[in-house]
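Listed below, chain by chain, are the residues.
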Amino acid sequence: MKASELVCKHGILPQDFLSSISGVGDFEHVRAGAIQIELFGRPCREISVNDLIAAKLALGRDKDLLAARELQAIAEGMRKR
């Protein structure tokens, strides 16, 4: 793990806290594009689908490229609504 990463594995969902994301940029860029959702009754900001796709493509591993294709299909379906 890099010094700029923190992974918390408490409760039912692991959480990654990153200062920057490959293919996307620094925290401020990610925050600007983030969406707000409600998680267990509390507001939570999540990375946008487009930024998540960019991050997966930048990683370039087979599993990330597969996830990027799946996310692209989901994003396309969301745009058609």
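Below: a short report on this structure. (Residues numbered from 1 in each chain as written. Predicted model: local features only at pLDDT ≥ 70, side-chain atom pairs only at ≥ 80, totals over all residues. Heavy atoms only, no water.)

## Overview of the pairing of strand β6 (residues 42-46)
The test is simple: Following DSSP output, two strands are said to pair if at least two bridges run between them. Secondary structure follows DSSP: runs of H or I at least 4 residues long count as helices, runs of E at least 2 residues long count as strands, and numbering of each begins at the N terminus.
Here five bridges tie strand β5 (residues 35-39) to β6, and the two strands are oriented antiparallel to one another. The partner of E38 across the bridge, within β6, is P43. Remark: two residues form the turn of the hairpin made by β5 and β6, two consecutive strands paired antiparallel; F40 in that turn has positive phi of roughly 55 degrees.

## Re helix α3 (residues 62-80)
Using the following cut-off: Take the residue count of a helix, subtract one, and multiply by 1.5 Å to get its expected span. The rule is simple: take the accessible area with a 1.4 Å probe, protein chains only, and divide by the maximum for that residue type; under 20% is buried, over 50% is exposed, in between is partly exposed. For this quantity, the arc is that covered by the directions from the helix axis to the C-beta atoms. Any pair of residues with heavy atoms lying within 4.5 Å of one another is described as a contacting pair.
With 19 residues, α3 ought to run about 27 Å at 1.5 Å a step, and its terminal C-alpha atoms sit 28 Å apart, in line with that. The set of residues buried in α3 consists of D64, A67, A68, L71 and A75. Each buried residue of α3 lies within a common arc of 105 degrees when the element is viewed along its axis, so the set occupies one face. Exposed and facing more than 90 degrees away from the buried side of α3 are D62, R69, A73 and K80. In the core, the buried residues of α3 are packed alongside α2 (49-59).

## Some details on α2
Within the sequence span of α2, burial applies to D51, I53 and A55. In this structure, the buried residues of α2 make contact with β3 (20-21), α1 (27-33) and α3. The positive-phi residue at the C-terminal boundary of α2 is G60, with phi of around 75 degrees.

## Examining the pattern of salt bridges
Going by this rule: Basic side-chain nitrogens of Lys or Arg form a salt bridge, by our definition, when they fall within 4 Å of a carboxyl oxygen of Asp or Glu.
Across all of its chains, the model carries three salt bridges by this definition. Between D64 and K56 there is a salt bridge; the shortest N-O distance is 3.2 Å. Note that D64 and R61 form a salt bridge whose closest N and O atoms lie 2.4 Å from each other. Here the residues in one salt-bridge network are K56, R61 and D64, joined through shared partners.

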